[in-house]
Amino acid sequence: MKNELLHTTADTQKRIEYKKRKKRVQQEIFRLENDLRAEEGQSNGDPHGRQSPQAASESATGAMPDFLIIGAKKCGTTFLYDLLSRHPYVEPAAKKELHYFDILADEESTEWYRRCFPPPRWKDGRRTITGEATPYWDKHRVPERIAKVLPQARLIVLLRNPVDRAYSDYQQARRKGWETRTFEEAIEAEKAQLPASSKYLSRSTYVDHLLRWSKYFADEQMLVLKSEDFFECTQDTIERVLDFLELPTWEAEASEKRNRNKYEQEMHPATRQRLEEYFESHNEKLYEHLGVEFDWQQLCTKS
């Protein structure tokens, strides 16, 4: 067990170091591309590339994000960010997942983070906005960190049936070689709080995380969406997001599809039943806090 724990810890640290290097390279490429576009805009006198005095005064290097899609993991955040980034008044970041507040904040400055976003522009008298989508949802130190740097940021949260989310999380870990146990072995180890336990269940106890975020952000700054509604009624959900971000109405391309992963083995029905019972009290607390019921017990979605 000790050797297994050391091996797991070493693998995790390697992944973190790889992410750090990758984000730094992506940020530098993004900065160089922005510099090139700015020079081309000045030399060509391109009205679409020039900033207004108001936008230029905000930052010569980039704008702090207006919104963050904070998770939860495996709940459709990539699909949402990809669609939202196509809106004419939304400028994408250097990369969807920047992992600044959970991985890089101790080593990189807020100016480094700022350079991960494009400078603001004005189109037809309206300022463009920008944002990122990193699954910060279950990271304990992150809400306070974000509140200090981005106190006015708008936060978007997608929540999926916690049983389906946990299994999808597990399946991703299997595909990437991070997980070798069966799903049942992994969740039992987590329940027993054994060393090197996963977080498949804890990431799905949504109310605990929501209460932590609520300590630092007002209710009107957070939009909590049901993933199943987004998957089934995508345009209706996009309209809610646009209203929340105060953006003009816009229709997402009908051809856009979300990723649908195929599992080698579906969850055993008995395991699903046990997990539905496990999450029942957590879900009830979530519904009470939100003032709305998601009724996940009736759903058996796959993704």
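Residues numbered from 1 in each chain as written. Predicted model: local features only at pLDDT ≥ 70, side-chain atom pairs only at ≥ 80, totals over all residues. Heavy atoms only, no water.

1. Things to note about the pairing of strand 1 (residues 67-71)
Across the five residues of strand 1, five count as buried, placing the element largely inside the fold. Pairing of strand 1 with strand 5 (residues 129-133), which is carried by three bridges, proceeds in the parallel orientation. Each bridged residue has a counterpart across the sheet, and for Phe67 the counterpart in strand 5 is Gly131. (Buried < 20%, exposed > 50% of the residue type's maximum accessible area, 1.4 Å probe, protein only. Helix = DSSP H or I, 4+ residues; strand = E, 2+ residues; numbered from the N terminus. Pairing = 2+ DSSP bridges.)

2. Things to note about the pattern of salt bridges
Enumeration according to the criterion identifies 15 salt bridges in this entry. Close ionic contact of Asp66 with Arg127 constitutes a salt bridge, the shortest N to O distance being 3.2 Å. Of this pair, Asp66 sits in the loop between helix 2 (53-58) and strand 1 while Arg127 sits in strand 4 (residues 126-127), placing them 61 residues apart in sequence. Asp66 gets classed as partly exposed once you look at its relative accessible area, which sits at 23%. Across the pair Arg165 and Asp169 runs a salt bridge, and its minimum N-O distance is 3.1 Å. Taken as a pair, Arg165 and Asp169 lie in helix 7 (residues 162-175) at a separation of four residues, close to a single helical turn. Considered together, Arg165 and Asp169 belong to a single accessibility category, that of buried residues. Residues joined in a network through salt bridges with shared partners are Lys73, Asp138, Lys139, Arg165, Asp169 and Arg203. (Salt bridge = Lys/Arg side-chain N within 4 Å of Asp/Glu carboxyl O.)

3. Let's talk about unusual backbone geometry
In this structure, the amide linkage connecting Gly71 to the following residue, Ala72, adopts the cis form with an omega of 0 degrees. Summarising the element assignment, Ala72 is placed in the loop between strand 1 and helix 3 (77-84). Phi at Glu246 is positive, roughly 60 degrees, even though this residue is not glycine. Along the chain, Glu246 falls in the loop between helix 11 (234-244) and helix 12 (269-290). Classification of Glu246 as exposed rests on a relative accessible area of 54%.

4. Notes on the sheet that holds strand 5
Note: strands within a sheet are paired through backbone hydrogen bonds, in either parallel or antiparallel orientation. Read across the open sheet, the five strands follow the order 2-5-1-6-7; overall the sheet is parallel. The open sheet is flanked by strand 2 (90-92) and strand 7 (222-226), the only strands paired with a single partner. Direction aside, the axes of adjacent strands within the sheet are offset by 25 degrees on average. In this sheet, strand 6 (residues 154-159) lies alongside strand 1 in parallel orientation, the contact comprising four bridges. Pairing of Leu68 across the sheet is with Leu155, part of strand 6. Sheet strands touched by helix 3: strand 1, strand 2, strand 5 and strand 6. Its angle to strand 1, the strand with the most contacts, is close to 160 degrees. (Axes fitted to C-alpha atoms, helices over the stretch in contact; angles between N-to-C directions. Contact = heavy atoms within 4.5 Å.)

5. Structural notes on the packing of helix 3 against helix 11
At a minimum axis separation of 11 Å, helix 3 and helix 11 run at an interaxial angle of 70 degrees. Here helix 3 is positioned roughly perpendicular relative to helix 11, judged by the angle of their axes. Along this stretch, helix 3 crosses helix 11, giving a crossing that reads as right-handed. Of helix 11, the residues touching helix 3 (which contributes Phe79, Leu80, Leu83 and Leu84) are Thr234, Ile238, Val241 and Leu242. Class assignment of the residues belonging to the contact of helix 3 with helix 11 gives a composition of seven nonpolar, one polar and no charged. (Parallel < 35°, antiparallel > 145°, perpendicular 65-115°, else oblique. Left-handed = near helix turned anticlockwise from the far one by under 90°. Nonpolar A, V, L, I, M, F, W, Y, C, P; charged D, E, K, R; others polar.)

6. Some details on the nonpolar core
Counting 62 residues, the largest nonpolar core has Tyr113, Leu159 and Trp213 as its most contacted members. Excluding its chain neighbours within four sequence positions, the residues that come into contact with Leu159 are Ala72, Cys75, Trp137, Tyr206, Val224, Leu225, Lys226, Ser227, Glu228, Leu286, Phe294 and Trp296. Membership of the second largest hydrophobic core comes to 14 residues, among which are Tyr167, Ala173, Tyr200 and Leu201. (Core = buried A, V, L, I, M, F, W, Y, C linked by side-chain atoms within 4.5 Å.)

7. Observations regarding the pairing of strand 5
Counted residue by residue, strand 5 has five buried out of five residues, so it is predominantly covered. The alternating pattern of strand 5 places Ile129, Gly131 and Ala133 on one face and Thr130 and Glu132 on the opposite face, and all of these are buried. Note: strand 2 against strand 5, three bridges, orientation parallel. Bridged to Val90 within strand 5 is Ile129.

8. Structural notes on helix 6 (residues 142-149)
When helix 6 is considered as a whole, its buried residues turn out to be Val142, Pro143, Arg145, Ile146 and Ala147. On its buried face, helix 6 sits against strand 1, helix 4 (100-104) and helix 9 (206-214).

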